Structures are given as C-alpha cells and as structure tokens.
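# Commentary on secondary and tertiary structure
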Amino acid sequence: MIRHLLSAADLDAATATFVLDTAREMDAAMSNREVKKLPTLRGRTVVNLFYEDSTRTRISFEAAAKRLSADVINFSAKGSSVSKGESLKDTALTLQAMGADAVVVRHPASGAPHRLAHWVNGSVLNAGDGTHEHPTQALLDAYTMRARLGRLAGLNVAIVGDVLHSRVARSNVLLLHTLGAKVTLVAPPTLLPVGVGAWPAETSYHLDAVLPDADVVMMLRVQRERMDQAYFPSAREYSRRYGLDAARMRRLPDHAIVMHPGPMNRGMEITPEVADSPRSTIVEQVANGVSVRMAVLYLLLGGKS
Ligand code: ASP
C-alpha cells in the first residue's frame, strides 16, 4: 500500500479498486453494528490540519478517524500560531513531535501537502490543495457512481463548469481515467485551464450536446473566491449556458445521475429542483465520503505499528 495520498495519480487501478472495495466493507461493517465504531486504529493519532475553510471534508475525516477509534486532533489555522506567521514547516515539526500517525491537510497553496510529506514521518493525506487536487473527493465520487450504476469502466462522465479552479475536476479526471471511464469536461473556454489538452479527457463548450450520452453529470461550484477577473459576462448568462435546470436534466438518459461536490450555489450552476431530485446523489456523496475516508485511513495506517 502507498504511504501518502497526495494525488489521485498515486492510485493505480488495482489500488483504487481496493480502496473502493474496502469502503464498501466498512459500510457493511458499520451498518451491522449498534455502536458505530471499529477498534482498528485505537492508539493512533490523526491530525486534521486545515488552513482553508471546509465543512464537509473536515467533519468527514473527523468522523472517519473517530469511527476507527483513532485519537483526533483538529487544528485550524485561525486561532493558532499560524496566524502569528508560523511556517508550514514549523507547524509540521510540532505535529511530528506530538507523534501524529497521519496528517490530513487542506491548504490554499497547490503542492503544500507534497512539501509536508517531506517533513513528517506519518502519512499525509491531501484534503484539497489550492486549485490542484482533492483525491478523497474523487474516490467518494467514484464510489457513488459505482454504487448507483454498478460499474465505472465505460461510463460517460460529464464534468461541468468551473474546471479552471477545481481540484475536484482534476482529481476526478485522473482517477476516472485510471478506472476506465470516459470524461468530458464542459465549460466556457475561459474556465478551462491552459494545457487541458494534455489531460486524459475530452472537452466541449456545449452542455446540451453532451447530456444525451452522459451516464453521470457532475456539476462544479463556480469558485468566485478564486476569481480575480471576469470569466463570464454575468451569473445569469452563465446559468443559461452551463447551469443544470429541470428542462436540461430531461435531456439525460433515464438512468443518469447528477452529482455535485458541494457547497452548491443553488440557482447558479444547479437549480434546487435538480439538486433535490431523485437523480441527485449529493447527500449520498457526503455519506459515502465517510466510508471512503475510513478505508483510506485504514489502508494507509493499518499496516504500521
Ligand atoms: N468542496 C470542494 C473543495 O473543497 C469543492 C468546492 O469547494 O467547490 O474543493
């Protein structure tokens, strides 16, 4: 098993499938128990090191570690020495001195988890770094697709919207390609990254043309906080061309599902009617996130004493 999970590219097909299978076992083990806790990581310490806001991911990692009986330390940059200017390296050495077996890190700078991995002895899990990667999100998305549609190989997955700023999109493209799905990125030209031609994915500017063949449509949040200029004329114009509403949803095949990593801008990239429809897997994605993160923690830490 790998030591760190920094990128979805760290996972080959066999390892990724093993993580998904383990997550399914975790799910089954938990649903059969009255007390939702397994003793697997008793005595291990997991540190959640969050330099950027997060609701779902931080809570999900915390729940996953606690369900495996690990000790959990939550460290957020606000209210810590980080706000006094302590460097990532000094923080890492402090965590090291406290005997962290795993550090779950979210950071606004792309590549921060990779640096951290050089400074600590424990496993580093990337919980989102800048616009770069979010590998456990890709794993929980793959898990959700497989649970709903029964397979990943051969699926047509459309990832729609603000690809430029999305670590979710990048990690999903890498993982889905590894697992044999075909990804089409749908966005206005201004929201596609330079060099997207080298990604293992097709690109399209036309959502309506892509929908009839999609098994999965994954809507991305428009990340206004990362936008330093105008990438589209207006919110209304964006929604009209790239938002998913009920009329557009009807263009999908009957079995197709709608995903969103959250947090949603309801009314912008997705209408409430779509978000709350039976095709939507948004709440399942959150629930599956805990099982997938349990599997990752177990597989990264399980073998070590
Ligand atoms: N929650 C996801 C992330 O942290 C997606 C988003 O913020 O739009 O990357």
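Residues numbered from 1 in each chain as written. Predicted model: local features only at pLDDT ≥ 70, side-chain atom pairs only at ≥ 80, totals over all residues. Heavy atoms only, no water.

### Some points on unusual backbone geometry
For the bond from Gly262 to Pro263, the omega torsion is -5°, close enough to zero to count as cis. Within the secondary structure, Pro263 is located in the loop between β9 (257-259) and α10 (272-275). A positive phi angle is found at Ser69, which is not glycine, with a value near 70°. Along the polypeptide, Ser69 turns up in the loop between α2 (56-67) and β2 (71-76). Here Ser69 falls in the buried class, since its relative accessible area comes to 17%. (Helix = DSSP H or I, 4+ residues; strand = E, 2+ residues; numbered from the N terminus. Buried < 20%, exposed > 50% of the residue type's maximum accessible area, 1.4 Å probe, protein only.)

### Examining the packing of α2 against helix α11 (residues 282-301)
For any two helices packed against each other, one specifies the inter-axial angle together with the distance between the axes. Relative orientation of the contacting elements α2 and α11 amounts to 50°, with a least axis distance of 8 Å. By the angle between their axes, α2 is oblique relative to α11. As α2 packs across α11, the resulting crossing turns out to be right-handed. In contact with Arg56, Thr57, Ser60, Phe61, Ala63, Ala64, Ala65 and Arg67 of α2, α11 contributes Val286, Gly289, Val290, Arg293, Met294 and Leu297. Classifying every residue of the contact of α2 with α11 by side-chain character gives 8 nonpolar, 3 polar and 3 charged. (Axes fitted to C-alpha atoms, helices over the stretch in contact; angles between N-to-C directions. Parallel < 35°, antiparallel > 145°, perpendicular 65-115°, else oblique. Left-handed = near helix turned anticlockwise from the far one by under 90°. Contact = heavy atoms within 4.5 Å. Nonpolar A, V, L, I, M, F, W, Y, C, P; charged D, E, K, R; others polar.)

### Concerning the site of the ligand
As a structural note, the neighbourhood of the ligand is formed by Arg106, His134, Arg167, Val168, Arg221, Gln223, Gly262 and Pro263. With respect to the ligand, the side chain of Arg106 contributes an N or O atom lying 3.0 Å from an oxygen atom. Between the ligand and Gly262, the relevant distance is 2.9 Å, taken from a nitrogen atom to a main-chain nitrogen or oxygen of the residue. When the ligand sits alone it has 260 Å² of accessible area, and the protein chains cover 93% of it. (Near = heavy atom within 4 Å. Polar contact = N/O pair within 3.5 Å; in protein donor to acceptor, adjacent residues only side chain to side chain. Areas by Shrake-Rupley, 256 points an atom, 1.4 Å probe, with all protein chains shown as cover.)

### Re the packing of aromatic side chains
How two aromatic rings sit relative to each other is given by the distance of their centres and the angle of their planes. Applying the stated rule across the entire model yields 2 aromatic pairs. Residues Phe232 and Tyr238 carry aromatic rings whose centres are separated by 4.8 Å and whose planes lie at 45° to one another, so their mutual orientation is tilted. For the pair formed by Phe232 and Tyr238, the shared burial category is buried. When the ring of Tyr238 is compared with that of Tyr242, the centres are 5.9 Å apart and the planes differ by 35°; the resulting orientation is tilted. Of this pair, Tyr238 and Tyr242 both sit in helix α8 (residues 235-242), 4 residues apart, which is roughly one turn of the helix. Neither Tyr238 nor Tyr242 differs from the other in exposure class; each is buried. (Phe/Tyr/Trp six-rings, centres within 6.5 Å; stacked < 30°, edge-to-face > 60°.)

### Brief notes about the sheet that holds strand β8 (residues 216-219)
Reading across the sheet, the 5 strands line up as β7-β6-β5-β8-β9 and stay open at both edges, with parallel pairing between neighbours. If you trace the sheet from one side to the other, it starts and ends with β7 (202-204) and β9, each paired once. If you compare each strand with its neighbour and ignore which way they point, the axes differ by 25° on average. Note: strand β6 (residues 182-186) against β7, 3 bridges, orientation parallel. Its bridge partner lying in β7, Val186 is registered against Ser204. The sheet contacts of helix α6 (residues 167-178) involve β5 (156-160), β6 and β8, and relative to β5 the element is tilted by about 165°. (Pairing = 2+ DSSP bridges.)

### Overview of the sheet that holds strand β3 (residues 102-107)
What the 4 strands build is an open sheet, ordered β2-β1-β3-β4; its pairing is parallel. This sheet does not close on itself; its edge strands, each paired only once, are β2 and β4 (123-129). Adjacent strand axes in the sheet meet at a mean angle of 15°, parallel and antiparallel pairs treated alike. Where β3 and β4 come together, 5 bridges link them in parallel fashion. The residue bridging Val105 from the neighbouring strand is Asn126, located in β4. With respect to the sheet, helix α3 (residues 88-97) is in contact with β1 (45-50), β2 and β3, its orientation differing from that of β1 by roughly 160°.

### Some points on the side chain of Arg221
If you trace the backbone, Arg221 turns up in the loop between β8 and α8. A relative accessible area of 18% places Arg221 in the buried class. Only 2.9 Å separates the side chain of Arg221 from the side chain of Glu225, close enough to count as a polar contact. Setting aside residues no more than four positions away along its own chain, Arg221 makes contact with Asp162, His260, Pro263, Asn265 and Glu269.

### As for the pairing of β8
Here β8 shows a buried face lined by Val216 and Met218 and a second buried face lined by Val217 and Met219. Here β5 pairs with β8 via 4 bridges, running parallel. By the bridge assignment, Ile159 is partnered in β8 with Met218. With 3 bridges joining them, β8 and β9 adopt parallel strand pairing. In the sheet register, Met218 faces β9, and the bridge partner there is Met259.

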